[in-house]
Amino acid sequence: PMASLDEPQLVRKSSHHQLLSTMTKFTGSLVGMGNPLLDISADVGQDILDKYDVKLDNAILAEDKHVPIYKELVDNYSPQYIAGGATQNSIRVAQWIMTANGKPGQTAYFGCVGNDSFGNQLEECAAADGVKVHYMKDESTPTGTCAVLVKDGERCLIANLAAANNFKPSHLETDESKAIYESASLYYIAGFFLTVSVDALKIIAEHSVANNKTFCLNLSAPFIIDFFADQVATALEYADFVFCNESEAEAYGKKHELGDDLKEIALKIAASPKKNEEKKRFVIFTQGSSSTIVAHDGKVEEYKVVPLPKEELVDTNGAGDAFVGGFLAGVMAEKSVGDSVELGHEAARFIIQQSGTTLTKPCEIKL
């Protein structure tokens, strides 16, 4: 008889859970989609950079010759494991700022992870930062990782996408996914995702254009510009905001024969074809501690960066991502582009004083 007494309670419990899950619908404004990766970060000597034929301040996809590095870092360098993935970093930073300014629950993120401890760690970290993650889970492939080689504060990234590479557009066709991205008004996808699924990007980007929402793109790395030029061209037409750093801007200028004057390159990207002609594109080039360039509607402005004393620098891993996160927080708070750039600078300044995108300290950035 005890069992039958318990049953109705069980039924009530599960219907209560269903009620809760429908009540916690995403009502935020920013959605990101990208490659969720766990950073395996260590300080290394020049010998390791030479051994694996990699350069600082660059980001690449792992080839066969790079595969042993992950084990080498784990075995010999006591690395830190830090939640990473460019887009996910930016979304976490944006939410960290929003939460500190009384606006929790503003952000969500799509990506593909494995069903493993690294995937769980990424999910827990994002959730702790207040981001609603709706991962696609790949049962047969491990969660992606990124070797972060740090030397004198500069970083080199070697990404092993693994499960992240298996994101499918079908994940965006589920009711939950649709509810998430249809609620939002601002979208951000790093160029790194162009190697995974242009079709998935187009689902989000088409929705953004059709509803006069705001779509943001990052060019992410020279290899994206050089080897995925068609995919970049496709994504660029949807972009209301385009971000990249000076080495990516130079690569774009070289690839498309736009010269080597960064301001000219920015203006030309800003003027390139655009799906939603109602909004003029903003193009934003960061240059480390040098001024940030913003091109829009035939004009260029520069915003100075307050340099950080060298002894306070931990590593530059995540600096560009943090800039975008701060900027997007500004957009959500309806700040001017100039003010949003300053928020980006503040966020990047904070992140370069941490290992990777570590947000355990309280946010002192005011919107």
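In what follows, the structure referred to is the one given above.
Since we're looking at a predicted model, the values are computed, not measured. (Residues numbered from 1 in each chain as written. Predicted model: local features only at pLDDT ≥ 70, side-chain atom pairs only at ≥ 80, totals over all residues. Heavy atoms only, no water.)

Q: Would you explain the packing of aromatic side chains in this entry?
A: The geometry of an aromatic ring pair is captured by two quantities: the separation of the ring centres and the angle between the planes. The full count for this structure, using the stated rule, is 12 aromatic pairs. When the centroid spacing of 6.2 Å and the interplanar angle of 85° are considered together, the rings of Tyr188 and Phe243 count as edge-to-face. With Tyr188 in strand β11 (residues 186–190) and Phe243 in strand β13 (residues 241–245), the pair connects residues that are 55 residues apart, well separated along the chain. In terms of burial, Tyr188 and Phe243 fall into one category: buried. Aromatic pair Phe241 and Phe327: ring centres 5.4 Å apart, planes at 65°, arrangement edge-to-face. Here the residue Phe241 occupies a position in strand β13, and Phe327 occupies one in helix α12 (residues 319–332), the gap between them amounting to 86 residues. Across the pair, Phe327 and Phe241 agree in class, each one buried. Ring pairing ties together the aromatic residues Tyr188, Phe241, Phe243, Phe282, Phe323 and Phe327, which thus form one cluster. (Phe/Tyr/Trp six-rings, centres within 6.5 Å; stacked < 30°, edge-to-face > 60°. Helix = DSSP H or I, 4+ residues; strand = E, 2+ residues; numbered from the N terminus. Buried < 20%, exposed > 50% of the residue type's maximum accessible area, 1.4 Å probe, protein only.)

Q: I tried to follow the side chain of Gln106 on my own but got confused; where do I start?
A: Relative to the assigned elements, Gln106 resides in the loop between α4 (86–100) and β5 (107–110). What makes Gln106 buried here is its relative accessible area of 19%.

Q: I keep staring at the environment of Lys55 and nothing clicks. Help me out?
A: Within the secondary structure, Lys55 sits in the loop between α2 (46–51) and β3 (58–61). Here the alpha-carbon distance between Lys55 and Leu157, two residues 102 residues apart in the chain, equals 9.0 Å.

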